[in-house]
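Single-letter residue listing:
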Amino acid sequence: MTLAQCKCLQGFTALEDGVVCVTCAAGTYKSFVGSGACVECNAAKYATEVGAIQETTCRTCPLHQSSPPASNTVFNCSCNQGYTGPNGLNCTLWCIAGSYKTVGGSAACTLCGRGKYSELQGQDSPETCKPCPSSLGQLARTTSSSLPRDSTILFGVLYMSKI
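Figured I'd write up the structure that's included with this text. Note that the structure is a prediction, hence the values are computed from the model and not measured.

The rules behind the values
Residues numbered from 1 in each chain as written. Predicted model: local features only at pLDDT ≥ 70, side-chain atom pairs only at ≥ 80, totals over all residues. Heavy atoms only, no water. Salt bridge = Lys/Arg side-chain N within 4 Å of Asp/Glu carboxyl O. Helix = DSSP H or I, 4+ residues; strand = E, 2+ residues; numbered from the N terminus. Buried < 20%, exposed > 50% of the residue type's maximum accessible area, 1.4 Å probe, protein only. Polar contact = N/O pair within 3.5 Å; in protein donor to acceptor, adjacent residues only side chain to side chain. Contact = heavy atoms within 4.5 Å.

**As for the pattern of salt bridges**
Step number 1: Scanning the entire structure with this criterion turns up two salt bridges.
Step number 2: The partner of Lys45 in a salt bridge is Glu55, with the nearest N and O atoms 3.4 Å apart. With a gap of ten residues between them, Lys45 in strand β5 (residues 45-46) and Glu55 in the loop between β5 and β6 (59-60) connect regions that are remote in the sequence.
Step number 3: As a salt-bridge pair, Arg59 and Glu49 come within 2.7 Å of each other at their nearest N and O atoms. With Arg59 in strand β6 and Glu49 in the loop between β5 and β6, this residue pair connects regions lying ten residues apart in the sequence.
Step number 4: Take Arg59: its relative accessible area is 35%, and that puts it in the partly exposed class.

**Concerning the side chain of Thr28**
Step number 1: Tracing the backbone through its elements, the reader meets Thr28 in strand β3 (residues 28-29).
Step number 2: Polar contacts involving the side chain of Thr28 include one to the main-chain carbonyl oxygen of Ala25, which spans 2.5 Å.
Step number 3: Each residue touching Thr28, except ones within four places of it in the same chain, is listed here: Cys38, Val39, Glu40, Cys41 and Ala52.

**Structural notes on the side chain of Ser67**
Step number 1: In this structure, Ser67 sits in the loop between β7 (65-66) and β8 (78-79).
Step number 2: Here the side chain of Ser67 touches Lys45 through a polar contact of 3.0 Å, landing on its backbone oxygen.
Step number 3: Each residue touching Ser67, except ones within four places of it in the same chain, is listed here: Ala43, Ala44, Lys45, Cys61, Asn76 and Cys77.

What follows is the structure, given as structure tokens:
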């Protein structure tokens, strides 16, 4: 047998047969013998093991999270748009009604602007915020102690009984 006949095992790769084989990096796997490239885990998956030989090594990101291809740690998983929380851990906090989040990651949700509202949760676009009907008043970013007398806030909208 010659050196050129040597093949990389599963979980290892080389540019060509008979050359030094290297371990597939975390976030990749290789299920066949030969000089082929390691295969990246798909988006929204990650793998921490090096030298992986099966696609099943790639784990799915936690609920409401995604990651780029070839991710090598759960912390590459980040909250989807419309959700917030610590990346790689628990992104089950959806943006509350009256807010939205246009980017992935652990950033906070953005409140609808003054005079706008939304009754939907988990929104990912400012277009979810609709103008308040003129008869309902304005969006208030205030505390209950600073509200006008005979008024209340419901879904972020200030309702005033007397104008």
